[in-house]
Amino acid sequence: MMKKKSISASKASLIFFLCQMISALDVPLDLSQPPTITQQSPKDYIVDPRENIVIQCEAKGKPPPSFSWTRNGTHFDIDKDAQVTMKPNSGTLVVNIMNGVKAEAYEGVYQCTARNERGAAISNNIVIRPSRSPLWTKEKLEPNHVREGDSLVLNCRPPVGLPPPIIFWMDNAFQRLPQSERVSQGLNGDLYFSNVQPEDTREDYICYARFNHTQTIQQKQPISVKVFSMDSLNDTIAANLSDTDIYGAKPVTERPPVLLTPTGSTSNKVELRGNVLLLECIAAGLPTPVIRWIKEGGELPANRTFFENFKKTLKIIDVSEADSGNYKCIARNILGSTHHVISVTVKASPYWITAPRNLVLSPGEDGTLICRANGNPKPSISWLTNGVPIAIAPEDPSRKVDGDTIIFSAVQERSSAVYQCNASNEYGYLLANAFVNVLAEPPRILTPANKLYQVIADSPALIDCAYFGSPKPEIEWFKGVKGSILRGNEYVFHDNGTLEIPVAQKDSTGTYTCVARNKLGKTQNEVQLEVKDPTMIIKQPEYKVIQRSAQASFECVIKHDPTLLPTVIWLKDNNELPDDERFLVGKDNLTIMNVTDKDDGTYTCIVNTTLDSVSASAVLTVVARPNPPLDLELTGQLERSIELSWVPGEENNSPITNFVIEYEDGLHEPGVWHYQTEVPGSQTTVQLKLSPYVNYSFRVIAVNEIGRSQPSEPSEQYLTKSANPDENPSNVQGIGSEPDNLVITWESLKGFQSNGPGLQYKVSWRQKDVDDEWTSVVVANVSKYIVSGTPTFVPYEIKVQALNDLGYAPEPSEVIGHSGEDLPMVAPGNVQVHVINSTLAKVHWDPVPLKSVRGHLQGYKVYYWKVQSLSRRSKRHVEKKILTFRGNKTFGMLPGLEPYSSYKLNVRVVNGKGEGPASPDKMFKTPEGVPSSPSFLKITNPTLDSLTLEWGSPTHPNGVLTSYILKFQPINNTHELGPLVEIRIPANESSLILKNLNYSTRYKFYFNAQTSVGSGSQITEEAVTIMDEVQPLYPRIRNVTTAAAETYANISWEYEGPDHANFYVEYGVAGSKEDWKKEIVNGSRSFFVLKGLTPGTAYKVRVGAEGLSGFRSSEDLFETGPAMASRQVDIATQGWFIGLMCAVALLILILLIVCFIRRNKGGKYPVKEKEDAHADPEIQPMKEDDGTFGEYSDAEDHKPLKKGSRTPSDRTVKKEDSDDSLVDYGEGVNGQFNEDGSFIGQYSGKKEKEPAEGNESSEAPSPVNAMNSFV
């Protein structure tokens, strides 16, 4: 449910426009004009006698008027009364009564006159009366002794005050006495009792009168009421009379209604038009009568009729002559009714039809003053001029009086005056001043120039042109600077000069010119009109149903003119939101957290701008689980049934769907509640079935869509009579726990199923298929009985019967049980195995005789285990597996066997006691299968035209391997596959060198193993041949060093890697979490100067290379020097010093290169000779005789490889290559780096297996290392 409301500024503008029309003839204050009364005290003026009396009289005029007063019809000379002063430039009187003067001395009728040279205006007759709050007259109040059921009226009779006091009744504790249909206060202040009850007895019925004007409260003496009940009255009478007297008070009797007020059958009431009509009827009777109101021959006026004081008072507001008539009140109870008719007559004091208005005329013009009023009776009209009755006023040939109209013809300036019109009847009078001002004035426009008007599109626009002139000017409107005069139906021209555009559009925006002219001149004024887009709520709040404690959210998304600033406020039920932190007002929404029942209501989003207002509302309904039912009552008690009724609790805005009834057995299970039944939510009674010998209590739970209520309070208890059991134990079983016993078990009856005290069980049994008598035993309230000495696994007939102190339950049904089981005695025979394939076998056996099972046959278990693998002949841990086959099966499948293996198995029979003996072990073998995939495939040593493949044998050969199958094919740049090549490799091989491949080509390899059964699963790998034999250098930056000064630091480093690297330096304050600052190094220099550093600060620094993702040096730390008092020249930044250092560095580098070359030519040593003969000594075979490597020879002659020498398997050494290549000391492209970028294991990753190489260096022979070795 949603409501939307839009309030534009048009209504407010129209109201403003009407006000303008009323004041359109106001004369500017800079022009001569007669006086006008602007403010005066009310006609009936009740003043506080403790404060100064202020009688207001304000007026305007040109020249400013002078003031005088009359009191009780004669001139009041304020100069002769020291207590009375008149305010400066005002006619307001102030009477000072603070000097001991009583306010009563200034009671009377006052009238003010304001006069200047153009006339005199007079005020109303102001009646001054001081407020009075007299004390209650002392009186002796007798206690009221009333019989129960009688009526009673406690009179208040407050003192007569001015204005009349407000009456209320309270007790000694200042607590208001409770009122109801039976006890209520009348309009006259009396307290009426329709009938008294014993609880009305009290001694502090106190009537209070509050006089608001003087802020005082008067208290009447307490009234005592004693109510005698019939029982106590009879006891009192009996105690005071002899036994022979026969007397007794009558019991409380019911009585038909009798009116306490008003009395009689009819009455009259006169009320004035516009007042509030109050009619009252209060009746006595027992039971308390109910009051109803009707209007004879008509209906009570809708929207103006209200009932108060428990419908004893009829209230009609703003009465009019149409409300006159007969009003009947009817009092009714079960014994009858009575009524009273009140004849209402509505009179009226005078009220205006047309009040006279100021008249401005130019010399020679005509005009009229009209004074028309109405009332009941019709008022008489009289005229005065300048406060004097017109009949005795000076003659004016330009005027003529015609009843309620004065006609002016050809007025002259001396015709200016103030005229008073008096309309009066017996209920009051009206007095109005209206002047005639004769002026000759050219036009003037009173609306400010260039005034800006703003309106909303599609609403009326009212553009003012307030003017004055005499004679009255004519008004014309133009749009734009050179626009034509405005005419037509799209405009409305008002007499006060206002231009109305009924439906303003965006193109109505612009400049409007108002022109006023009369015979004395012409003037004009320009104003601006802007038409704005309307404010709209484009996403309105929606109806919400929210559970208690959840969260509710209303949206209010708006669209508005960009030049207007909207304000959004939210209301709840048309009031401000509660001052609660749970209410969160966002930019375009309202969220209510942890919703409670009090949040239920209508929420309104109101958007206000300076020009319009829109609103949208939505209802929030808070739902919750229902409140628990109330007032549980048990009726219709029978032996096996009872009726339960209840009163539903609050639904909490979600209808109750059903009621759940639960019961408690206080005799057998106190405190435990059980489900009984449930009924629909519209039902509040239910007939319940009961069991004997149960002490019932019931409770009811209400259910709605939200959930279940709390349980109701328990009902009263109801104990049913005892009876024989209706049923026997359930789930009777006979199962032996030992080979020689029978255990009989059952589920005991629950407490309420016993139907009486002394619950026991009669247990009976006999062997089946044997002509034996039943053996019986009676046991206590247990659930098990053991029969001993039974033969093993024999069937028995069993029955269990319930009984209590009143007798037996019906005859029970029989069940079959068995005595205890024993282990089977015989193993299955003739066990056979049929091997189906390499992983599956089928086993057969003969069943054992049923007698040998000695229990319930549950099935057979097959134990099997692998003895050994036929391919590896290795011993392994024996893990037995078990398969169970249920029932009397004689075969089973053994899945998941390993191919080419030897197995054993045996079979055992199973019963409820356990397993029997095992059959003799049976051996069988599985045939070969296909192997698993090779354990790995590694491709290494890429060259221009070859790749080396290494692999591992399958983890599960599943037979004897016969060969390996290698397939490969090239892959181009678009991932298309080339021709497939297949190679068969002997089973004893573990590596292969593929030659004659294309250079710089990617190949895909497929590799699998074979047995005689077939090929196993394959593994795949990809590899690429290299483009040329120059191995890539692995880039690294190391040896980052810093030399720090006060505000700068020199950073240098060493770089190894591809040429043309672009370096950058990153730095930051040590320990800071700020981002690193980055400086680009120009060119390929290996040093950089960081400038602008903070003295005495620790920094972190690192160097990186652009284009090498993630490639940086390790971090280095340095600290700048402390700040110096005076700046000194740092030699490290001088050009000559840097040049000198560069020259020294170049000489050292040349020296290192020479030393390195000499070291490489320094004679034979084993490793060097091997390097000349083979690119990689690690893959050379050992000599067959001693298992050692051959000696190395010097490679300074760059001789080619000897004829017949084996080609390296992991790479090809480029011809004419330098012997100190880093590639020769690692594993080719598979070489590894330490964390600092240095090589790991330059001679092999297999050092542990080849200790013969232990004499070699573990570092790469860089120039520095070579120098160290040389030294």
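Structure first, text after, so check above.
Parameters at a glance
Each chain has its residues counted from 1, running along the sequence as written. Residues qualify for local features only when their pLDDT is at least 70, as the model is predicted, and side-chain atom pairs are given and counted only at 80 or more; totals for whole chains, interfaces and linings, by contrast, use all residues. Only hydrogens and water are set aside when side-chain values are computed; all heavy atoms of the structure are taken into account. Here, strands pair whenever DSSP counts at least two bridges between them. Going along the chain from the N terminus, every DSSP run of H or I of four or more residues is numbered as a helix, and every run of E of two or more is numbered as a strand. Angles run from 0 to 180 degrees between N-to-C directions of axes, and those axes are lines fitted to C-alpha atoms, restricted for helices to the stretch in contact. The buried label applies to any residue whose accessible area, calculated with a 1.4 Å probe on protein chains only, is under 20% of its type's maximum; exposed applies above 50%, and partly exposed to all values in between. Here a polar contact is recorded for every N or O atom pair within 3.5 Å, except that within protein the pair must consist of a potential hydrogen donor and a potential acceptor, and residues adjacent in sequence are included only if both atoms are side-chain atoms. Pairs of residues are marked as contacts when any of their non-hydrogen atoms sit within 4.5 Å. One side-chain nitrogen of Lys or Arg within 4 Å of one carboxyl oxygen of Asp or Glu is enough to make a salt bridge. By definition, disulfides here are pairs of cysteine sulfur atoms that lie within 2.5 Å.

Here we take up the sheet that holds strand S14 (residues 152–154). Spatially, three strands are ordered S14-S17-S16 in an open sheet, and the strand pairing comes out antiparallel. Looking at which strands have only one partner, the edges of the open sheet turn out to be S14 and strand S16 (183–185). Strand-to-strand twist of the sheet, defined as the mean angle between neighbouring strand axes without regard to direction, takes the value 15°. Inspection of the sheet shows S16 paired to strand S17 (residues 191–193) by three bridges, in the antiparallel sense. Along S17, the bridge assignment pairs Gln-185 with Leu-191.

This brings us to the side chain of Thr-604. Turning to its location among the elements, Thr-604 is positioned in strand S56 (residues 601–608). By relative accessible area, which is 6% here, Thr-604 ends up buried. A distance of 2.7 Å separates polar atoms of two side chains, one belonging to Thr-604 and the other to Ser-617. Once residues within four sequence positions are removed from consideration, Thr-604 is found in contact with Ile-569, Trp-570, Leu-571, Asn-574, Ser-615, Ala-616 and Ser-617.

To continue, consider the pattern of salt bridges. Taken as a whole and judged by the stated rule, the model has 36 salt bridges. With a shortest N-O distance of 3.0 Å, Arg-582 and Asp-580 are connected by a salt bridge. On the basis of relative accessibility, which here comes to 15%, the residue Arg-582 falls in the buried class. When its relative accessible area of 27% is taken as the criterion, Asp-580 is described as partly exposed. Residues Lys-938 and Glu-950 are paired through a salt bridge, measuring 3.6 Å at the closest nitrogen-oxygen approach. With a gap of 12 residues between them, Lys-938 in strand S80 (residues 934–940) and Glu-950 in strand S81 (residues 947–954) connect regions that are remote in the sequence.

For the rest of this paragraph, the subject is the state of the cysteines. This structure, assessed with the given rule, holds six disulfides. Between the sulfur atoms of Cys-465 and its disulfide mate Cys-514 the distance is 1.8 Å. Linking Cys-465 and Cys-514, the disulfide has an S-S dihedral of approximately -60° and is accordingly described as left-handed. Of this pair, Cys-465 sits in the loop between strand S41 (461–463) and strand S42 (467–470) while Cys-514 sits in strand S46 (residues 510–518), placing them 49 residues apart in sequence. Comparing Cys-465 with Cys-514 shows no difference in burial state: the two are buried. Paired by a disulfide, Cys-556 and Cys-605 hold their sulfur atoms 1.9 Å apart. Between Cys-556 and Cys-605, the disulfide has an S-S torsion of -65° and is therefore left-handed. With Cys-556 in the loop between strand S50 (552–555) and strand S51 (557–559) and Cys-605 in strand S56, this pair connects stretches of sequence that are 49 residues apart.

Functional significance is not addressed by these values, which are geometric in nature.
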